[in-house]
Amino acid sequence: NPFDELSKQIWVLATSLALGVGFWYLKTVFYSHQEASKGNRQLILLVKLYASFLALVAAFGISRYFGYPAFLFGLLVFTLSFLLMYQALFQHNYAGFKTLKFLLTTGLALGVLGYLVFLFWNVNYYSGALVLAAVYNTIWGIVHHKYIDQNLTRELVYEYLAVLFVILIILFSTTNFSVRI
């Protein structure tokens, strides 16, 4: 039983509470985006990033545990990333044909990355999902600034790419790729 330890139960409850509190404020943030405080918007961003990470970890772990092929995991990553970005753009009334094509392309790129991560990553699916979540966050940040805030600059793109680069360097330098199941 994976929930025998008290610390695991506390972690699950704290995570559920954090997601519940974060999503409690979703209505306020989505329906009055400009009037919502910056703290609330940052909280929602963190909750969404955390939820996307948990969804990718679950997809990666379930795919590894049940022995699903890499193609199916890539399809799961495509579906998760497309739905998360489409839902956010829909909530802000920016979902249209132009953004749909872009989101399909972006989701496909993340799905291909998920396929490659599934093939070449070792058994630590948390760090593999963190790579996917970092790339997802970079793409979403650029999309958010382009379509929702409409303040995308070259400096913002460089900032997102620099943060992605640092995360990837840390992950690649601490992951032992020679360990396999």
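Residues numbered from 1 in each chain as written. Predicted model: local features only at pLDDT ≥ 70, side-chain atom pairs only at ≥ 80, totals over all residues. Heavy atoms only, no water.

**Student:** What am I meant to see in the packing of helix α5 (residues 97-120) against helix α6 (residues 125-148) here?
**Tutor:** Geometrically, a packed helix pair is captured by the angle between its two axes and the distance between the axes. Direction vectors running N to C along α5 and α6 enclose 165°, while the axes themselves pass 10 Å from each other. Comparing the axis directions of α5 and α6 gives the class roughly antiparallel. Where α5 crosses over α6, the two elements pack in a sense that is right-handed. Contacts between α5 and α6 involve Thr99, Phe102, Thr106, Leu110, Leu113, Gly114 and Val117 from the first element and Gly128, Val131, Leu132, Val135, Tyr136, Ile139, Val143 and Tyr147 from the second. Broken down by class, the residue content of the contact of α5 with α6 amounts to 11 nonpolar, four polar and no charged. (Axes fitted to C-alpha atoms, helices over the stretch in contact; angles between N-to-C directions. Helix = DSSP H or I, 4+ residues; strand = E, 2+ residues; numbered from the N terminus. Parallel < 35°, antiparallel > 145°, perpendicular 65-115°, else oblique. Left-handed = near helix turned anticlockwise from the far one by under 90°. Contact = heavy atoms within 4.5 Å. Nonpolar A, V, L, I, M, F, W, Y, C, P; charged D, E, K, R; others polar.)

**Student:** Please explain the confidence of the model for the protein chain as it appears in this structure.
**Tutor:** If pLDDT is low for a region, its predicted coordinates should not be looked at in detail. On average, the protein chain scores 81 in pLDDT, and the residues at 70 or more come to 83%. No element of the protein chain has a lower mean pLDDT than helix α2 (residues 26-31), at 55, and none a higher one than helix α7 (residues 154-174), at 91. (pLDDT = per-residue confidence, 0-100.)

**Student:** I'm lost on unusual backbone geometry in this one. Help?
**Tutor:** Backbone phi values are negative for most residues with the exception of glycine, while trans is the configuration of most peptide bonds. Positive phi, normally seen in glycine, also occurs at Gln150, with a value near 55°. Within the fold, Gln150 resides in the loop between α6 and α7.

**Student:** Is there a simple way to explain α6 in this structure?
**Tutor:** Given 3.6 residues per helical turn, the α-helix brings residues three or four places apart onto the same face. Between the first and last C-alpha of α6 there are 32 Å, a value that for 24 residues agrees with the 34 Å anticipated at 1.5 Å per step. Here α6 lies mainly inside the structure; 17 of its 24 residues are buried. For α6, the side-chain oxygen to backbone nitrogen distance between the N-cap and Tyr126 is 3.3 Å, and the N-cap itself is Asn124. Within two residues after α6, Gln150 carries a phi angle of roughly 55°, on the positive side. (Expected span 1.5 Å × (residues − 1). Buried < 20%, exposed > 50% of the residue type's maximum accessible area, 1.4 Å probe, protein only. Polar contact = N/O pair within 3.5 Å; in protein donor to acceptor, adjacent residues only side chain to side chain.)

**Student:** Got a minute to help me understand the packing of helix α4 (residues 70-91) against α5 in this structure?
**Tutor:** For the pair α4 and α5, the least separation of the axes is 7 Å and the interaxial angle reads 145°. Handedness of the α4/α5 crossing: right-handed.

**Student:** Can you walk me through empty space enclosed by the protein in this structure?
**Tutor:** One simple way to see leftover space: roll a probe sized like a water molecule over the atoms. Inspection of the entire model under this criterion finds two cavities of 30 Å³ or more. Its volume calculated, the largest cavity comes out at about 70 Å³. Lining the largest cavity are Ser52, Ala55, Leu56, Val77, Leu80, Ser81, Leu84, Leu110, Leu132 and Tyr136. Counting only elements with at least two residues in the lining of the largest cavity, the list comes to α3 (38-66), α4 and α6. Per-element tally for the lining of the largest cavity: the top contributor is α4, with four residues. Among the residues forming the lining of the largest cavity, the class breakdown is eight nonpolar, two polar and no charged. Taken as a whole, the second largest cavity encloses approximately 30 Å³ of empty space. Elements with a contribution of two residues or more to the lining of the second largest cavity: α3 and α6. Residues belonging to the lining of the second largest cavity are distributed by class as follows: four nonpolar, one polar and one charged. (1 Å grid on protein atoms, 1.4 Å probe; cavity = no way out; pocket = protein on both sides within 12 Å on 5 of 7 lines; lining within 4 Å. Points joined across faces, edges and corners; volume = space filled by probe spheres on them.)

**Student:** Help me out: how do you make sense of the nonpolar core in this one?
**Tutor:** Ranked by internal contacts, the top residues of the largest apolar core, which has 31 residues, are Phe73, Leu89 and Trp140. Put simply, the parts of the chain that give this core at least two residues each are α3, α4, α5, α6 and α7. Considering every element that reaches this core, the biggest residue donor is α6, with 11 residues. Setting aside chain neighbours within four positions, we find Leu89 in contact with Tyr94, Ala95, Thr99, Leu103, Trp140, Val143, Tyr147 and Ile148. (Core = buried A, V, L, I, M, F, W, Y, C linked by side-chain atoms within 4.5 Å.)

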